[in-house]
Amino acid sequence: MIEIYLILLFMIAAAVIAVSLKDMLSSVVAIGAVGIGLCMAFIILKAPELAIMQLVVEILSLIILVRATIRKDLPFSASGRWLFNTVVTLLFFAVFLTTAYLSLKCLPNFGSPEMKIAGVYLTEGLVKKGIHNVVAAITLDFRSYDTLGEIAAVFTAVVGILAVGRRIGKKREDHVGE
Amino acid sequence: MSVSKRHEEGMTFIVKTVTKITLGFILLYGIFISVGEHNSPGSGFAGGVIVALSFVHIMLAFGREAARNKLRLFSTFLLISTAAAVFLLATVKSFIKIPYFLLTMPLCETVVVGGGLFVVFITLVLIYKEK
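Residues numbered from 1 in each chain as written. Chains lettered and ligands numbered in written order. Predicted model: local features only at pLDDT ≥ 70, side-chain atom pairs only at ≥ 80, totals over all residues. Heavy atoms only, no water.

Draft legend 1. Fine view of the overall build of chain B. Secondary structure summary: chain B contains six helices and zero strands in total. Taken across its 131 residues, chain B has 44% of its residues classed as buried. Residue pairs in contact within chain B that sit at least 24 positions apart in sequence constitute 70% of those at least 6 positions apart. (Helix = DSSP H or I, 4+ residues; strand = E, 2+ residues; numbered from the N terminus. Buried < 20%, exposed > 50% of the residue type's maximum accessible area, 1.4 Å probe, protein only. Contact = heavy atoms within 4.5 Å.)

Listed below in structure tokens is the structure:
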């Protein structure tokens, strides 16, 4: 179990470096190092599927971050409705911390009852789902609400992007400008 | 757009040629990762991100305009919405006993994630261009 602590120390060091660096591009590279450390941690914890997913996502987000930070004049506005923004931020902090506390309290210790949930899947999965492959029953049925959450997040991002980049509002703005 | 201007955009001729060859293979690998979910490591999300990366390659190699010409926003959004609706139906009603839904659910996830991430990426790049 010593490897996992080494990787955690490496990730914490890379995160501290990413925060403390002045140059934006260097701190993006440090964030990439944190992601690669997370991939190695997943491999050590025997979750190759999560490691593949994390690796691919890290590469894509690294491309996006490099693409976004390669320009110096990033628009960043700190003015505006600061009271509303602060209240909403604190509210979300409170909600997330409360939810995390309540849900982490219910979790068992790290790896202590080894087959608590997996045992139920293995014994009752085939009977309940009427399917010939255990892994398919788990990934496509027991875990499909997890996937539904991912899809909801991506779909929300697409709807937001379409609301920002739609063509109708842009034309009207040009017309007003003329 | 004229031919000479198209050659000026993006990276060098070597990168463009290699991208033309490898693009289909990367796309195929993403579909393979997502379809083989039930008996090998990999998932629909990872496959979708690989599909999005293969489209990002077009933009990195050929420049912004080529990628923007590839993207038809309305059709992409229609495809993503259809895939998301099918996935929602399959999750809530639990159609898993029908065998071909083993393929449908990862493919729907791949379409939503790949198309969605590519649209997000393109829009980020285009917004930064206009300012």
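Draft legend 2. Structural view of the packing of helix α7 (residues 144-164) of chain A against helix α5 (residues 73-93) of chain B. Closest axis-to-axis distance for the α7(A)/α5(B) pair is 11 Å, and the angle between their directions is 155°. In terms of axis orientation, α7(A) runs roughly antiparallel to α5(B). Considering the relative orientation of α7(A) and α5(B), their crossing is left-handed. Counting all contacts with α7(A), which are made through A:S144, A:Y145, A:T147, A:L148, A:I151, A:F155, A:V158, A:V159 and A:L162, the residues of α5(B) involved are B:L73, B:F77, B:I80, B:S81, B:A84, B:F87, B:L88, B:T91 and B:V92. Partitioning the contact of α7(A) with α5(B) into residue classes produces 14 nonpolar, four polar and no charged. (Axes fitted to C-alpha atoms, helices over the stretch in contact; angles between N-to-C directions. Parallel < 35°, antiparallel > 145°, perpendicular 65-115°, else oblique. Left-handed = near helix turned anticlockwise from the far one by under 90°. Nonpolar A, V, L, I, M, F, W, Y, C, P; charged D, E, K, R; others polar.)

Draft legend 3. Quick peek at a nonpolar patch on the surface. On the surface, a cluster of nonpolar side chains totalling about 820 Å² of accessible area is made up of A:M1, A:I2, A:Y5, A:L6, A:L8, A:L45 and A:F110. Looking at the element boundaries, A:Y5 is found in helix α1 (residues 2-20). (Patch = residues over 30% accessible without salt bridge, like charges linked within 9 Å, V, L, I, M, F, W, Y side chains within 5 Å. Areas by Shrake-Rupley, 256 points an atom, 1.4 Å probe, with all protein chains shown as cover. Salt bridge = Lys/Arg side-chain N within 4 Å of Asp/Glu carboxyl O.)

Draft legend 4. Region of the structure containing the nonpolar core. B:V112 and B:I122 are the most contacted members of the largest nonpolar core, which totals 37 residues. When residues of this core are assigned to their parent elements, the largest contribution, 11 residues, is made by helix α6 (residues 101-130) of chain B. Ignoring any residue separated from it by four or fewer positions in sequence, one finds B:V112 in contact with A:I151, A:V154, B:I80, B:A83 and B:A84. (Core = buried A, V, L, I, M, F, W, Y, C linked by side-chain atoms within 4.5 Å.)

Draft legend 5. Seen up close, the side chain of B:S34. Secondary-structure assignment places B:S34 in helix α2 (residues 13-35). Residues within four places of B:S34 in sequence aside, it is in contact with B:S43, B:G44, B:G47, B:P106, B:L107 and B:T110.

Draft legend 6. Main features of empty space enclosed by the protein. Considering all chains together, one arrives at two cavities of 30 Å³ or more under this definition. Here the largest cavity is characterised by a volume of approximately 40 Å³. If you trace the largest cavity, you find it lined by A:T139, A:L140, A:S144, A:T147, B:E37, B:F87, B:M105, B:P106 and B:E109. Contributing elements (two or more residues each) for the lining of the largest cavity: α6 (134-142) and α7 of chain A together with α6 of chain B. (1 Å grid on protein atoms, 1.4 Å probe; cavity = no way out; pocket = protein on both sides within 12 Å on 5 of 7 lines; lining within 4 Å. Points joined across faces, edges and corners; volume = space filled by probe spheres on them.)

Draft legend 7. Layout of the environment of B:R72. Residues and elements named next belong to chain B. Here R72 lies in the loop between α4 (64-70) and α5. A relative accessible area of 56% means that R72 is categorised as exposed. Distance from R72 to V119, taken between C-alpha atoms, is 9.8 Å for residues 47 residues apart in sequence.

Draft legend 8. Main features of the environment of A:L9. Structurally, A:L9 is set in helix α1. Sequence spacing of A:L9 and A:G37 is 28 residues, and the spatial spacing of their C-alpha atoms is 9.6 Å.

Draft legend 9. Representation of the interface of chain A and chain B. Across the contact, 41 residues belong to chain A and 46 residues belong to chain B. Of the roughly 3900 Å² buried at the junction of chain A and chain B (both faces included), carbon and sulfur atoms supply 78%. Of all residues in chain A, the largest losses of buried area upon contact with chain B belong to A:R67, A:L140 and A:I151, amounting jointly to 16% of the total for that side. Those elements that provide at least two residues to the side of chain A that touches chain B are α3 (48-69), α5 (116-129), α6, α7 and α8 (167-177) of chain A. The element that contributes the greatest number of residues to the side of chain A that touches chain B is α7(A), accounting for 14 residues. (Buried area = accessible area lost by both parts, 1.4 Å probe.)

Draft legend 10. View of the confidence of the model for chain A. The share of residues in chain A with pLDDT of 70 or more is 84%, and the mean pLDDT across the chain is 81. No element of chain A has a lower mean pLDDT than α8(A), which averages 54, and none a higher one than α1(A), which averages 92. (pLDDT = per-residue confidence, 0-100.)

Draft legend 11. Structural view of the packing of aromatic side chains. Residues and elements named next belong to chain B. Tallying each qualifying case throughout the model produces four aromatic pairs over all chains. Measuring from centroid to centroid gives 6.3 Å for Y29 and F32, while their planes differ by 35°, and the two rings are tilted. Placement of both Y29 and F32 in helix α2 is noted, with a separation of three residues, approximately one turn of the helix. Residue class for Y29 comes out partly exposed when judged on its relative accessible area of 43%. The class of F32 is exposed, set by a relative accessible area of 55%. Between the aromatic rings of F55 and F118, the centroid separation amounts to 5.2 Å while the plane-to-plane angle is 40°, which identifies the pairing as tilted. Taken together, the residues span a long stretch of sequence, with F55 in helix α3 (residues 44-62) and F118 in helix α6 at a distance of 63 residues. (Phe/Tyr/Trp six-rings, centres within 6.5 Å; stacked < 30°, edge-to-face > 60°.)

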